[in-house]
Structure formats: C-alpha cells, structure tokens
2 protein chains.
Amino acid sequence: MQSLINLVNENLDKFMEITYPEDIFKSMRYTVLLPGKRLRPVMCLEACQMFGGKLEDAIPAACAIEMLHAQTLIHDDLPCMDNDDYRRGKLTNHKVFGEAVAVLAGDALLTFAPQVIVKNSKNLGAEKLLKILEEYFKYAGAYGVIAGQVADIESEKTTPENPEKTLEYIHIHKTSDLFKLALRTGAIIAGADEKQLDVITRFAQNLGFAFQIADDILDETSTFEQMGKTLGKDKLSGKLTYVSLYGLDRAKADLAQILDDCEKILSENGLKSDIFDQIIAKIRIA
Amino acid sequence: MQSLINLVNENLDKFMEITYPEDIFKSMRYTVLLPGKRLRPVMCLEACQMFGGKLEDAIPAACAIEMLHAQTLIHDDLPCMDNDDYRRGKLTNHKVFGEAVAVLAGDALLTFAPQVIVKNSKNLGAEKLLKILEEYFKYAGAYGVIAGQVADIESEKTTPENPEKTLEYIHIHKTSDLFKLALRTGAIIAGADEKQLDVITRFAQNLGFAFQIADDILDETSTFEQMGKTLGKDKLSGKLTYVSLYGLDRAKADLAQILDDCEKILSENGLKSDIFDQIIAKIRIA
C-alpha cells in the first residue's frame, strides 16, 4: 500500500508545477499535496492492476482523481459551505490564500485534472481517453458528487420527507461517486468489459457508503488530534448523518454488514486484492 | 446574427434540463439563460461556417462555451470576488440561490459543458472530440481564463511593477482566452489546419482585447440602465483598467486601432464574414 501512496505523491508533485501567476498554482498544490491517505488514487491504480492493466498507465488518471477530490475539499471548506478552518491538521485553503483564490483554485483543478490525463495518457488512444473523460464529467459534476453536495445543503434547509432515502442519496453521491470514478477509471484503463465494470461499480458504491458511515461514526467518537479537522460539528448543527438517524450501535452494525458485502462482491467474482482487503480492514476498525 | 442567437438560445434551453436535485440545475440554468448577446457561441458557430464546416456540428460546443462563460460570471460575482448584486439587469446567482449553491453551480458547469459536447458531438469522431476538449481545458483553466482572474486579484493586492504588461496579461486571459476558445473550437470542428488556427487565434486575441477596452470605457461612460450591472466600481476601487492607465482619449484611439487590425487580419487572409463585421462594428461604437 505504502509504495502505491509514494508513487501517487511523487507524481502529484511532478504534475503540479508552479508557473505564473503563482498564487493559483501554489493554492492548488497546497491542498492537493496535503498529507493524506490517497485512498482514491490508490484504488484507481489497484483496480487497473486487478483487471490486468499496467500500473503506469493509470498514474495520470489516479492523480487526476486525487486533484478532483482536493477540489471538493477546497470548496466544501469555504465559509459559505462548511466553513472549516482545518483540514488534515493544516489550515484550509481559503485560510491561507483567501477566499477568492480558493474559489479559483477549485475551479482550476476541475479542468487541470482531466488535462493531466489527456496530456500524459496519449498511449491509451483517443477512444479510451474519451471514455475516461466521460466518466470524469459524469461523476465529478451535477449528476455526481455535486448532486450529493446540493442534496446535503437542501436537507439542511428543510427537513426531508424521507430522511433515510435522502441520506442514502447524499452518501452515495458525495462519497461513493468518487470511489466509483476511481475504480471504474482504473478498470477501463485495464480494458475491463461492461460486466466487470458493473461488479466494480457495485463494490465501489458499497465501499463508499461504508466509508461515509465510518466518517459519521468518527465525527462522534474521535478527537481533533486523531482526525486533523474540527469534529462534532455535525451533531451541533443538527446535520443529517447516519449516526443521528440510526444511532451509534446500528451505525456500527450496518457498517460491518456493508463491508461484509464488499468482501463478498470481490470473492464471488474471483477478484483478489491485498490492497482492497487492507482498505476494507481500515474502514472496519474505524 | 439574430438567427444564430436564437439557435443558441433554443439549444441552451434544450441542453439544460432540470432534474433532481433541482436547485443545482435551476441555478445553472438561471445564469446560462439570462438574456445576453451570446457573443462567444455565435463566434464559435460563425468560425465553423467561415472555414466551411456545418453549422449544426458546432452547436453543442458553442453552447458549452456559453455555459463556461456563465460559470465565470457566477463565480466572479460572488461576495469574495467582485461582490456584484446585478448582472444583465437581474439579480446575480448567489443573490437568488445563495452562495453555496452558486459556488456549486459554477463547479457543475465546468464539467457539464464538456459533457454536453461529448454527448452531442459523437459524429465528430474521438480524435477531433479529444482535440476540442483539450482546447476547453487549456483556455478554461489555470493557464487560461483563471490565470487572468488571479493576476487581476494579485494586481489589486500589490501595485504591479509593470502595470501596462500586467493589464495586457489580465485582459488577454480574462477575455481573449474565451474568444480564442470559441473561434478555435469552431474552426477545429470545420477541419481548419494549423495555419488557419494561427490566423483565427490572432484575430480572437485582438478582438477580445478590444472588447475589454470597450468594456473599460463603458464602465466610465454608461449607466446601469444601459449595461444592466453596477458601473463605476472600477474607478471607485482604484482598479487597474485601460482607462485608468491611459486615459479615455487614448483608450478610444487604441480601441479603434485594434479593431482596424482585426479587420486587416480577416481581409489579408481572405476571410469574409458579415457576422464578424457586425461584431467589430458593435464594439467600435461602444
């Protein structure tokens, strides 16, 4: 796992060169290169390997997905959104560079990320590159992660009629969609067929959902030092979370069940991966 | 000209369907469909026709460029940026939908726009589509329009060493880059070669620069009723503009000169277009 993380970090550093006007590139780099688990790019690389693809073919796309993830963090942390001052133990982007540059850095990452893919993956051919970009547009945009963010905002303004369904919708889009993008992209680069893509999409959907439940649990049970961000805000703001809706015990039981399902999806389809076993184990002990 | 504007408006309306979660699509639609001159999409369509392409082939890309333009307006108007309440005579996006949704609507447009191109232009083939997307990423991002916006913000924080060069850089990126994107994209769809692309890029660079000088002049000499936005803000905030730097008379003289250059670039290269003649004439009397 660590060797994949190192590979991602080295390449993120390489792709994110600082040129004029420096503020924007510095701001983009700042959040992209914050120390992190690099979960999404590692999953992209591993999905590529699991379906018989070459690791190096997936590096630009894996890094692009981490850039997209950083984009969502920068804008999520803005005063008009979650208004967070800390992220991964460091000041958030707008606290360092100001709100205007943080907005623009997020904007820039949304086109910089796919640009990195196209520039550095010409060997995949136009057809496959186009397919990868279509996945990116779908999961990054108004039908993907942003749909989750907006549903989240709407749910805070008015109590949803069906909170269970709303929460599932929010979690699936806010979190699972980037997991799906990571895994599907890696699999597409490896040349996976539609049936294989369906399997990996179901796996990513469940894994992302579990990850978000674990995050909701940790927001209740951890400290700033453990998580590197301000916690307990969900509870204070009366936010709809898995824990607020079902209670801590049920949340923990469901998390375990969904992770079992994840393992089953892999084993039933003859897919073996130490990396995904490790990721599941990490989310399990959350 | 009006028939091209109508064609753009009809297709923008068609492409921007409202689905769940509705707030995001309503917010995106709101600014994209504000009544406007549709200058960039019209230029894209006309560039396609001027180089012998089929009008209908350029419609998705033309509309995507208008969506991108709307994206820059939504984020430019935010309180942390220009803090504008009115745009084209209507309330700005964040005034209607709130800041959080306005940030997300802008984000969503950045991937929605190229998605519209890919979904609706399959007939162009993967190679050409990829080329169009590369243009989009380049001019929309940190090397394009955002570079201009950041240089603009930086120039307000500290007095630039070379204000003439800085202003040129800001104008070229903030304005000319979307003009270049519009014209180059239309020309690429028509199958223009590299030499033709160089000519049209030079034309777009000059036309965008002229357009921005005209805008600086109008900010001094017009009324809210004429422009649909709050004016005179540049002067009040001591902002670097063509008029503040060179004075009104010089600005008017340079505007005329640059528009003459635009006409020369077309005529010297045997390019004839009523539409571009009309656009030049409109900017001239600004």
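Residues numbered from 1 in each chain as written. Chains lettered and ligands numbered in written order. Predicted model: local features only at pLDDT ≥ 70, side-chain atom pairs only at ≥ 80, totals over all residues.

### Structural notes on the overall build of chain A
Along chain A, the regular secondary structure elements total 15 helices and 2 strands. C-alpha atoms of chain A, sized along the principal axes, occupy 50 × 50 × 35 Å. Across the 286 residues of chain A, 51% fall into the buried class. Sequence-distant contacts in chain A: of pairs separated by 6 or more residues, those separated by 24 or more amount to 72%. (Helix = DSSP H or I, 4+ residues; strand = E, 2+ residues; numbered from the N terminus. Buried ≥ 20, exposed ≤ 12 C-beta atoms within 10 Å, placed from the backbone. Contact = placed C-beta atoms within 7 Å.)

### Some words on the interface of chain A and chain B
Chain A puts 40 residues into the contact, and the matching count from chain B is 40 residues. Residue assignment for the side of chain A that touches chain B shows that the elements contributing at least two residues are helix 2 (22-32), helix 6 (99-120), helix 7 (126-140) and helix 8 (145-157) of chain A. Of the residues forming the side of chain A that touches chain B, the biggest block, 14 residues, is contributed by helix 6 of chain A.

### What to know about the environment of Gly191 of chain B
Residues and elements named next belong to chain B. Summarising the element assignment, Gly191 is placed in the loop between helix 9 (163-190) and helix 10 (194-221). Taking the C-alpha atoms as reference, Gly191 lies 8.8 Å from Lys128; in sequence the two are 63 residues apart. Once you skip the residues sitting within four places of it in the chain, Gly191 turns out to touch Phe51 and Gly53.

### Focus on the relation of the copies chain A and chain B
The operation relating the two chain copies consists of a rotation about an axis and a shift along that axis. Once turned by 180 degrees and shifted 0.0 Å along the axis, chain A lies on chain B with an RMSD of 0.0 Å. Overall, the copies show the geometry of a two-fold rotation axis. If distances are taken from each C-alpha of chain A to the rotation axis, the shortest is found for Ala126 of chain A, at 2.8 Å. (Least-squares fit on C-alpha atoms with pLDDT ≥ 70 in both.)

### Some details on unusual backbone geometry
Residue and element names in this part refer to chain A. For the peptide bond that leads from Tyr20 to Pro21, omega is -10 degrees, which places it in the cis range. By secondary structure assignment, the location of Pro21 is in the loop between helix 1 (2-15) and helix 2. Phi is positive for Arg38, close to 55 degrees, though the residue is something other than glycine. Inspection of the secondary structure puts Arg38 in the loop between helix 2 and helix 3 (39-50). Here Arg38 falls in the buried class, since 23 other C-beta atoms lie within 10 Å of it.

### What about helix 3 of chain A?
All names here are of chain A. Look at helix 3: 16 Å from first C-alpha to last across 12 residues, which is about the 16 Å you get at 1.5 Å a residue. With 11 of 12 residues buried, helix 3 lies mostly within the body of the structure. Taken residue by residue, helix 3 has Leu39, Arg40, Pro41, Val42, Met43, Cys44, Leu45, Glu46, Ala47, Cys48 and Met50 as its buried positions. Buried-residue contacts for helix 3 involve helix 1, helix 4 (59-76), helix 9 (163-190), helix 10 (194-221) and helix 15 (274-284). Backbone geometry just downstream of helix 3 places Gly52 in the positive-phi region, at approximately 85 degrees. (Expected span 1.5 Å × (residues − 1).)

### So, the nonpolar core
One finds Ile24, Cys44 and Ala210 of chain A together with Ile24, Cys44 and Ala210 of chain B to be the most contacted residues of the largest nonpolar core, which totals 188 residues. If we skip the residues at most four places from it in the chain, Ile24 of chain B touches Ala142, Ile146, Ala147 and Val150 of chain A together with Val101, Leu104, Ala105 and Ala108 of chain B. (Core = buried A, V, L, I, M, F, W, Y, C linked by C-beta atoms within 7 Å.)

### With respect to the packing of helix 10 of chain B against helix 14 (residues 248-268) of chain B
All names here are of chain B. Relative to each other, helix 10 and helix 14 sit at 155 degrees, their axes nearing to 9 Å. Classified by the interaxial angle, the pair formed by helix 10 and helix 14 is roughly antiparallel. Note on packing geometry: the crossing formed by helix 10 with helix 14 is left-handed. Residues Val199, Arg202, Phe203, Asn206, Leu207, Phe209, Ala210, Ile213, Ala214, Asp216, Ile217 and Glu220 of helix 10 lie in contact with helix 14, whose contacting residues are Leu248, Ala251, Lys252, Asp254, Leu255, Ile258, Leu259, Asp261, Cys262, Ile265 and Leu266. Residue composition of the contact of helix 10 with helix 14, by class: 16 nonpolar, 1 polar and 6 charged. (Axes fitted to C-alpha atoms, helices over the stretch in contact; angles between N-to-C directions. Parallel < 35°, antiparallel > 145°, perpendicular 65-115°, else oblique. Left-handed = near helix turned anticlockwise from the far one by under 90°. Nonpolar A, V, L, I, M, F, W, Y, C, P; charged D, E, K, R; others polar.)

### Quick look at helix 2 of chain A
Taking burial as the measure, the 11 residues of helix 2 of chain A include 8 buried ones, the bulk of the element. Regarding helix 2 of chain A, the residues found buried are Asp23, Ile24, Phe25, Ser27, Met28, Tyr30, Thr31 and Val32 of chain A.

### As for the environment of Glu156 of chain B
Turning to its location among the elements, Glu156 of chain B is positioned in helix 8 (residues 145-157). A count of 13 C-beta atoms within 10 Å places Glu156 of chain B in the partly exposed class.

### Topic: the packing of helix 4 of chain A against helix 9 of chain A
Relative placement of two packed helices is described by the angle separating their axes and the distance separating the axes. All names here are of chain A. Between helix 4 and helix 9, the shortest axis-to-axis distance is 10 Å and the interhelical angle comes to 170 degrees. Here helix 9 runs roughly antiparallel to helix 4, going by the angle between their axes. Relative to helix 9, the crossing made by helix 4 is right-handed. In contact with Ala61, Ile65, Leu68 and His69 of helix 4, helix 9 contributes Leu178, Leu181, Ala182, Thr185 and Ile189.

### Observations regarding the confidence of the model for chain A
Residues with a pLDDT of 70 or more make up 94% of chain A, whose mean pLDDT is 94. Predicted complex, confidence summary: ipTM 0.94, pTM 0.95. (pLDDT = per-residue confidence, 0-100.)

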